[in-house]
Amino acid sequence: MNDKFKYSDEKLILRFQEGDINAYNELVKRYKDRLLNFVLRYFNNVEQAEDVVQDTLIKLYTHASYYKNVAKFSTWIFTIAKNNALTELRKNKRKKTDSLWTEDGQIIDINSKEESLDSKVQNEIAIDQLNKFLDEIPENFRMAVVLRDFQELSYEEISKILEIPIGTIKSRINRGRIQLAEKMKHFKE
Amino acid sequence: MDYNKFEDRISDWIENSMDIKERKEFEKYLAENPEHKKKVDDVRNAMNVMQTAPSLKTSDSFDKKLQDRINALNDNKNVSSGIMGFSRQNFVYLTLSVFCIFMLSAYLIQPSQSNYFIADEESVTQENISEKEDTEIKDVELLNDVNGSFVSDKD
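Residues numbered from 1 in each chain as written. Chains lettered and ligands numbered in written order. Predicted model: local features only at pLDDT ≥ 70, side-chain atom pairs only at ≥ 80, totals over all residues. Heavy atoms only, no water.

Q: Quick rundown of the overall build of chain B? Include the residues and the values.
A: What chain B contains, in helices and strands, is seven helices and zero strands. Out of the 155 residues belonging to chain B, those deemed buried represent 19%. Taking the contacts inside chain B whose residues are at least 6 apart along the sequence as the reference set, 44% of them involve residues at least 24 apart. Working note: accessible area of chain B is about 11900 Å², and carbon and sulfur atoms make up 57% of it. (Helix = DSSP H or I, 4+ residues; strand = E, 2+ residues; numbered from the N terminus. Buried < 20%, exposed > 50% of the residue type's maximum accessible area, 1.4 Å probe, protein only. Contact = heavy atoms within 4.5 Å. Areas by Shrake-Rupley, 256 points an atom, 1.4 Å probe, with all protein chains shown as cover.)

Written out as structure tokens, the structure is:
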């Protein structure tokens, strides 16, 4: 994933540890959207998710020295994001709302058919509908699937981030995909 | 291979993470149960949808907000690196306050009014009285001596 970049994430964090602020800015640029898409699965609320991503990137700024070059940077930063999200969830009990977000990050009402129909579709499934399906599958399946299929992380990385054995992760991802496929199939029918 | 095992291995087959023996076993099951091939296609389709779904972008104000928070952090850092943990401004205020308290105390507690000096004066007075009494006793003794020598001369 980092092949297209001049410096790997690990090289950048090392440079930032040495005081290069541009390296930090580059890491922010690379990860802010990825973290947002990950954290959103915990909250279903863009603003709250953005706040958690901000906290994560601030932690990267203040605790960069804690990173040791034994783990992949992505594993480290996603773990921080996950812990921040869980802390935030504990603070505010999750509110189930009937809202979804469009691809440009705007919250919309799922009852507003006009908005849903107007949104772009991909492989016959609207992205907002996909998000709704994801919300409907159990959280432990959802987080594993999101890290694998949206973030394209390896099973090993996901296992470290979620602190779950790799065999369980594989099983959850498979089960999550099957459940998601079932929902999509019914939607198409 | 039974149905449960088949279902457990769908992702492995799609992601090509099976060994040859397992793969052959899985494909044999699919050939024998073509109705289940649809399930594999559905899972593959779901994966494609997710992998090609456009990702959400952070809001336009995200970067500015982050930069503001970093600036605030840096400001706090500079403040805390003042003198003895105080900012320069607070350190000046503190020093002035301590100086004012000292001056005020010195003004309010005059030496003549302090118990320490009163006690000291009393002890000085006592010493003067003792000295005066000593002198008087010595004078009487001297007079006695003179009288005595006078008596003895007379004798």
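Q: Account for the confidence of the model for chain B, naming residues and giving values.
A: Low pLDDT means the predicted coordinates in that region are not meant to be read closely. Residues and elements named next belong to chain B. In the predicted model, chain B carries a mean pLDDT of 79, and 74% of its residues have values of at least 70. Segment residues 150-155 is flagged for pLDDT under 50; beyond a separation of four residues in sequence, or across chains, it makes zero contacts in the model. Prediction confidence for the complex, expressed as pTM and ipTM, is 0.63 and 0.70 respectively. (pLDDT = per-residue confidence, 0-100.)

Q: Tell me about the interface of chain A and chain B, and name the residues and values.
A: Taken together, the contact pairs 42 residues of chain A with 35 residues of chain B. In this assembly, chain A and chain B are joined by nine salt bridges. One salt bridge in this structure joins Asp33 of chain A and Lys57 of chain B, with 3.9 Å as the shortest N-O distance. Where chain A touches chain B, the interface holds 18 residue pairs in polar contact (both at pLDDT 80 or more). With 11 residues, the top contributor of residues to the side of chain A that touches chain B is helix 9 (residues 166-188) of chain A. Among the residues making up the side of chain A that touches chain B, the classes are represented as 18 nonpolar, eight polar and 16 charged. (Salt bridge = Lys/Arg side-chain N within 4 Å of Asp/Glu carboxyl O. Polar contact = N/O pair within 3.5 Å; in protein donor to acceptor, adjacent residues only side chain to side chain. Nonpolar A, V, L, I, M, F, W, Y, C, P; charged D, E, K, R; others polar.)

Q: Quick one: what's the story with the packing of helix 2 (residues 21-43) of chain A against helix 4 (residues 73-91) of chain A, residue by residue and with numbers?
A: Residue and element names in this part refer to chain A. Contact geometry of helix 2 with helix 4 gives a least axis separation of 10 Å together with a crossing angle of 40°. On the basis of the axis angle, helix 2 is oblique to helix 4. Helix 2 and helix 4 meet at a crossing whose hand is right-handed. In contact with Leu27, Tyr31, Arg34, Leu35, Phe38, Val39, Tyr42 and Phe43 of helix 2, helix 4 contributes Phe73, Ser74, Ile77, Phe78, Ala81, Lys82, Ala85, Leu86, Glu88 and Leu89. For the contact of helix 2 with helix 4, the residue count by class is 14 nonpolar, one polar and three charged. (Axes fitted to C-alpha atoms, helices over the stretch in contact; angles between N-to-C directions. Parallel < 35°, antiparallel > 145°, perpendicular 65-115°, else oblique. Left-handed = near helix turned anticlockwise from the far one by under 90°.)

Q: An account of unusual backbone geometry is requested, with residue identities and associated values reported.
A: Keep in mind that most residues, glycine aside, have a negative phi and that most peptide bonds are trans. Of note, the phi angle at Glu152 of chain A is positive, near 55°, even though the residue is not glycine. Secondary-structure assignment places Glu152 of chain A in the loop between helix 7 (139-150) and helix 8 (155-162). Non-glycine residue Asn16 of chain B carries a positive phi angle of around 55°. Given a relative accessible area of 53%, Asn16 of chain B falls into the exposed group.

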